[in-house]
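Residues per chain are reported as follows:
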Amino acid sequence: MHELSLAQGVVRRTVVAAQEAKAKAVRRIFLRIGELAGVDGRQLTSAFEVVRGGTICDGAVLDIEFVAASWSCPTCAVAIESGAPLRCPTCGIAAQLAKDADALSILRIELEVDGV
Amino acid sequence: MCESCGCGDPALMPVDVHERLLAGNDHVAAHNRAHFQAAGVLALNLMGSPGAGKTALLEATARELGGRLRLGAVSGDLATDRDGERLRAAGIPSRTIQTNSSCHLDATLVHDTLHGMDWQRSDVFFLENVGNLVCPAIYDLGQAANIVVLSVTEGEDKPLKYPVMFKNCDLVLLTKVDLLPHLPGVTLDAFVDAFGRVMPEPRWLALSALTGVGMPEWVQWLLAMRAGQASKKPLRIRLPS
């Protein structure tokens with residue numbers, strides 16, 4: 001259950017951003033999580049809903065972009081079939097993981113601020 | 001933001017962050033890594049299931065080395081000092097990190113524990129993680145390499161079931177190979193096949209802490225890593241038939 005400590009990290013980072021912007025509330029937090037990041041998006045959301053209580057994140061929504069894991073040959077770009085050996089069947093070289101397939105990032109935070 | 005009448009309605013303000021969720025841990029890990037490198041200490045993050053043989057491996061490593069390298073360790077466990085006691089009895093200065101309910105070591109736990117230790121006197125310092133094939137995989141501790149200890153009794157499908165752990169590792173130590181003859185249908189080839197489906201460049205060694213088979217090759221790897229000469233090429237040994 002490392003999702004709990006990760007959710008606490010999301011809250012901590014968001015609180016800093018909200019303080020810097022003198023925000024009144026947090027509307028939405030955008031994350032990107034790759035299939036091979038080792039983190040379950042649903043568990044992270046559940047944990048976030050627990051730890052956001054009593055903070056400026058209360059009521060904020062986690063918007064998670066999921067990136068599927070895919071491997072391909074870095075030379076000829078042929079896709080490796082799911083579950084197959086991670087080696088290009090033609091070139092024989094090691095396959096490369098798609099960009100962001102192991103991402104675990106906060107992309108953007110939407111804050112509510114006083115209108116001018 | 002309401003520009004026209006200045007009514008002060010709540011308005012949205014997007015803030016770009018683009019930061020790793022584990023940025024805080026990464027920062028402390030980089031600090032640990034800088035200290036290990038400056039002191040010339042090879043730090044290795046040792047991960048694996050409970051009972052995979054992580055502690056037995058370290059005990060056997062101390063025996064096999066016979067003083068050629070000075071070892072040190074911290075070992076993470078939810079409760080008890082048992083691993084720490086075993087390691088100290090094997091001549092490895094070590095300290096237990098009791099994580100209570102936490103399922104993994106993180107960089108801060110390691111950092112705070114190192115402060116009370118004479119870790120700089122080690123040539124190789126093991127960060128023996130909490131027994132778990134899931135959570136430890138994503139926490140950088142400041143190690144030079146990740147090592148996964150997988151015992152043959154766990155089954156050859158474990159790499160397929162825990163791909164993140166194996167994708168992130170630099171070396172798999174397949175332990176308890178002395179038990180292979182007692183495991184019907186379990187073969188070394190099946191493990192090797194599974195490694196190749198989750199690791200683009202699988203590096204592994206088969207060994208037994210009990211009989212000592214494979215231990216010289218493991219010690220060779222340690223000495224080469226320590227000298228900064230470890231091969232990035234696939235590393236494999238065949239078991240004596």
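(A) Region of interest: the overall build of chain B. The helix and strand tally for chain B stands at 8 helices and 8 strands. When the backbone C-alpha atoms are referred to their principal axes, chain B occupies close to 85 × 45 × 35 Å. Every one of the 241 residues in chain B was classed for burial, and the buried ones make up 52%. Counting only contacts in chain B whose residues sit at least 6 apart along the sequence, the fraction spanning at least 24 positions is 73%. Side-chain charges in chain B split into 22 positive and 26 negative, and the spacing between the mean points of these groups amounts to 8 Å.

(B) Examining the interface of chain A and chain B more closely. Contacts between the two partners involve 38 residues from chain A, matched on the other side by 33 residues from chain B. Of the roughly 3,000 Å² buried where chain A meets chain B, counting both sides, 62% is carbon and sulfur surface. For the salt bridge of Arg13(A) with Glu19(B), the shortest nitrogen-to-oxygen distance reads 3.0 Å. Counting residues per element, the ones that place at least two in the side of chain A that touches chain B are α1 (3–20), β1 (25–34) and β5 (104–113) of chain A. The leading source of residues in the side of chain A that touches chain B is β5(A), at 10 residues. Considered class by class, the residues forming the side of chain A that touches chain B number 23 nonpolar, 6 polar and 9 charged.

(C) Structural detail: the environment of Cys135(B). When you line up the elements, Cys135(B) lands in the loop between β5 (124–128) and β6 (145–151). Once the C-alpha coordinates of Cys135(B) and Cys103(B) are considered, the two residues, 32 residues apart in sequence, prove to be 6.5 Å apart.

(D) Representation of the side chain of Ser75(B) in the model. Mapped onto the elements, Ser75(B) comes out in strand β3 (residues 71–77). Leave out the neighbours within four places in its chain, and Ser75(B) touches Asp83(B), Gly84(B), Leu87(B), Arg95(B), Thr96(B), Ile97(B) and Glu128(B).

(E) A look at the sheet that holds strand β8 (residues 204–206) of chain B. All names here are of chain B. Strand order in this open sheet of 7 strands is β4-β3-β5-β2-β6-β7-β8, and the pairing throughout is parallel. Of all the strands in the sheet, just β4 (94–98) and β8 have a single pairing partner and so form its edges. Pairs of neighbouring strands in the sheet enclose a mean axial angle of 20°, with direction left out of account. Against the sheet, helix α4 (residues 107–114) contacts β3, β4 and β5, and its axis sits at roughly 140° relative to β4.

(F) Region of the structure containing the pairing of strand β2 (residues 42–48) of chain B. Residues and elements named next belong to chain B. In terms of burial, β2 is a largely internal element, 7 of the 7 residues being buried. On β2, burial covers both faces: Leu42, Leu44, Leu46 and Gly48 on one face and Ala43, Asn45 and Met47 on the other are all buried. Bridge analysis of β2 against β5 gives 5 bridges, and the strand direction is parallel. Counterpart to Ala43 in the pairing with β5 is Phe125. With 5 bridges joining them, β2 and β6 adopt parallel strand pairing. Across the sheet, the residue bridging to Asn45 is Asn146, located in β6.

Cut-offs applied
- Residues numbered from 1 in each chain as written.
- Chains lettered and ligands numbered in written order.
- Predicted model: local features only at pLDDT ≥ 70, side-chain atom pairs only at ≥ 80, totals over all residues.
- Heavy atoms only, no water.
- Helix = DSSP H or I, 4+ residues; strand = E, 2+ residues; numbered from the N terminus.
- Buried < 20%, exposed > 50% of the residue type's maximum accessible area, 1.4 Å probe, protein only.
- Contact = heavy atoms within 4.5 Å.
- Lys, Arg positive; Asp, Glu negative; His and termini not counted.
- Charge placed at Lys NZ, Arg CZ, Asp CG, Glu CD.
- Buried area = accessible area lost by both parts, 1.4 Å probe.
- Salt bridge = Lys/Arg side-chain N within 4 Å of Asp/Glu carboxyl O.
- Nonpolar A, V, L, I, M, F, W, Y, C, P; charged D, E, K, R; others polar.
- Pairing = 2+ DSSP bridges.
- Axes fitted to C-alpha atoms, helices over the stretch in contact; angles between N-to-C directions.

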